[in-house]
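Residues per chain, in single letters:
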Protein chains: 2
Amino acid sequence: MKVEYINPFIQSVCDLFDTMLSSKATRCGVGLANGGLNTRDIVAIIGLSGEARGMVALSFPTQTALAMVGRMLGTELHIVDETVYDGLAELVNMVAGSSKAKFASFVSTPIELSLPTVIRGSDFSVNHPSKATWLDVPFTSDLGTFNLRVTFELNRVKGVTV
Amino acid sequence: MKVEYINPFIQSVCDLFDTMLSSKATRCGVGLANGGLNTRDIVAIIGLSGEARGMVALSFPTQTALAMVGRMLGTELHIVDETVYDGLAELVNMVAGSSKAKFASFVSTPIELSLPTVIRGSDFSVNHPSKATWLDVPFTSDLGTFNLRVTFELNRVKGVTV
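Fair warning: this is a prediction, and the values are worked out from it, not measured in the lab.

Undergrad: Explain the relation of the copies chain A and chain B here, please?
TA: In summary, the two copies of the chain are related to each other by a rotation about an axis coupled with a shift along it. Taken as rigid bodies, chain A and chain B are interconverted by a rotation of 180 degrees and an axial shift of 0.0 Å, the fit giving an RMSD of 0.0 Å. Between the two chains, the operation in question is that of a two-fold axis. A shared interface surface links the copies, since 100% of the contact residues of chain A are contact residues in chain B too.

Structure (structure tokens):
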């Protein structure tokens with residue numbers, strides 16, 4: 001997986017903050033995710049399929065998740081309930097959906113999205129098959145810190161060597 | 001989501017046990033999954049997209065997960081490591097992949113699969129957006145109990161009212 005493939009996803013996170021959350025997300029680097037993702041309280045994931053087959057994950061501490069969904073809904077939230085799960089599912093759906101269009105130059109048919117899922121707990125890890133590479137992008141914002149993780153395999157690439 | 005849409009997935013689990021695990025899985029009913037899925041130690045999930053957009057999950061107690069991957073690899077496993085994650089990812093990939101073909105009569109273009117992900121922990125729940133319906137199918141087998149969960153929305157259905 002080439003590092004430049006992460007850029008549409010990073011740009012989509014920044015656009016989401018700009019347009020939906022009236023805030024600004026700042027990227028703090030890009031790295032390979034080694035091992036399972038287990039540093040956050042809540043992870044929202046969505047599958048990508050078609051020419052690019054993979055997963056997009058947004059992982060949040062509880063406070064960031066409450067602040068982001070609260071800002072999106074224009075209210076203050078204090079507990080993680082179904083409203084928050086729905087909000088986080090919609091956020092990862094929007095990031096992946098917006099990335100589809102930005103990713104169009106790499107593929108000849110659009111990427112398709114699965115339904116989002118939200119995992120919450122005090123002790124869990126999200127693990128990927130060992131042959132898959134995940135890129136991890138930490139962000140800061142006035143709503144708190146969070147991470148974007150993306151993995152995919154390009155099956156049929158338009159004029160690009162994977 | 002119609003209950004009959006679950007049948008290709010149930011059949012695929014039974015086929016997998018028959019062909020890959022030299023075992024027999026017995027379905028113990030089908031029900032609506034209410035609320036988050038938090039009764040198992042390990043969950044392997046994969047996204048579905050295209051005309052049917054959703055997720056397929058297999059959830060296991062640790063002992064069942066070790067027994068299933070051990071049987072698949074022809075060895076005895078005692079700890080959950082990368083080999084087990086890879087095995088469980090492959091199992092859910094096979095169930096979803098095999099269901100694609102069986103599901104063909106409901107859709108006009110094949111369903112596409114995302115990459116699988118494996119979640120493990122002692123305290124976590126897997127939550128779906130409140131508008132999505134998940135069907136839950138408990139199974140028993142000589143390798144232990146486990147659950148199949150499936151959700152999807154059919155976007156464009158061939159001669160079928162959703």
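Right, picking up where we left off after that structure.
Undergrad: Explain unusual backbone geometry here, please?
TA: Glycine aside, residues mostly have negative phi, and peptide bonds are mostly found in the trans state. Residues and elements named next belong to chain A. The backbone phi angle of Ser 22 is positive, close to 45 degrees, even though this residue is not glycine. Along the chain, Ser 22 falls in the loop between α1 (7-20) and β1 (25-27). Judged by its relative accessible area of 64%, Ser 22 falls in the exposed class.

Undergrad: Help me out: how do you make sense of the packing of aromatic side chains in this one?
TA: Each aromatic ring pair is characterised by the separation of its centres together with the angle its planes make. Residue and element names in this part refer to chain B. Overall, the coordinates contain 17 aromatic pairs over all chains when judged by the stated rule. For the ring pair Phe 17 and Phe 146, a centre distance of 5.3 Å and an interplane angle of 5 degrees mean the geometry is stacked. In this pair, Phe 17 is assigned in helix α1 (residues 7-20) and Phe 146 in strand β8 (residues 146-154), connecting sequence segments 129 residues apart. Among the residues examined, Phe 17 registers a relative accessible area of 0% and is labelled buried. Given the relative accessible area of 1%, Phe 146 is considered buried.

Undergrad: Would you mind showing me how to read the interface of chain A and chain B here?
TA: Accessible area lost upon the coming together of the parts serves often as the stated size of an interface. Tallying the contact residues gives 38 residues for chain A and 38 residues for chain B. Of the roughly 3,000 Å² buried between chain A and chain B on both sides combined, carbon and sulfur atoms contribute 53%. In terms of surface lost to chain B, no three residues of chain A exceed Arg53(A), Leu115(A) and Asn127(A), which account for 23% of the buried area on that side. Applying the counting rule to chain A against chain B returns zero salt bridges. Between the two partners, chain A and chain B, sit 14 residue pairs in polar contact (both at pLDDT 80 or more). Breaking the side of chain A that touches chain B down by element, the ones donating at least two residues are β3 (42-49), β4 (52-60), α3 (82-102), β5 (112-113), β6 (117-127) and β8 (146-154) of chain A. Looking at which element gives the most residues to the side of chain A that touches chain B, the answer is β6(A), with eleven residues. Class assignment for the residues of the side of chain A that touches chain B results in 17 nonpolar, 14 polar and seven charged. Sheet topology places β6(A) next to strand β6 (residues 117-127) of chain B; nine bridges connect them, and they run antiparallel. By the bridge assignment, Arg120(A) is partnered in β6(B) with Ser125(B).

Undergrad: Help me out: how do you make sense of the confidence of the model for chain A in this one?
TA: The predicted structure's coordinates, where accompanied by low pLDDT, should not be read in detail. Residues and elements named next belong to chain A. Residues with a pLDDT of 70 or more make up 91% of chain A, whose mean pLDDT is 87. For chain A, per-element mean pLDDT is lowest for strand β2 (residues 31-32), which scores 80, and highest for helix α2 (residues 62-73), which scores 97. Prediction confidence for the complex, expressed as pTM and ipTM, is 0.88 and 0.85 respectively.

Calculation notes
- Residues numbered from 1 in each chain as written.
- Chains lettered and ligands numbered in written order.
- Predicted model: local features only at pLDDT ≥ 70, side-chain atom pairs only at ≥ 80, totals over all residues.
- Heavy atoms only, no water.
- Least-squares fit on C-alpha atoms with pLDDT ≥ 70 in both.
- Contact = heavy atoms within 4.5 Å.
- Helix = DSSP H or I, 4+ residues; strand = E, 2+ residues; numbered from the N terminus.
- Buried < 20%, exposed > 50% of the residue type's maximum accessible area, 1.4 Å probe, protein only.
- Phe/Tyr/Trp six-rings, centres within 6.5 Å; stacked < 30°, edge-to-face > 60°.
- Buried area = accessible area lost by both parts, 1.4 Å probe.
- Salt bridge = Lys/Arg side-chain N within 4 Å of Asp/Glu carboxyl O.
- Polar contact = N/O pair within 3.5 Å; in protein donor to acceptor, adjacent residues only side chain to side chain.
- Nonpolar A, V, L, I, M, F, W, Y, C, P; charged D, E, K, R; others polar.
- Pairing = 2+ DSSP bridges.
- pLDDT = per-residue confidence, 0-100.

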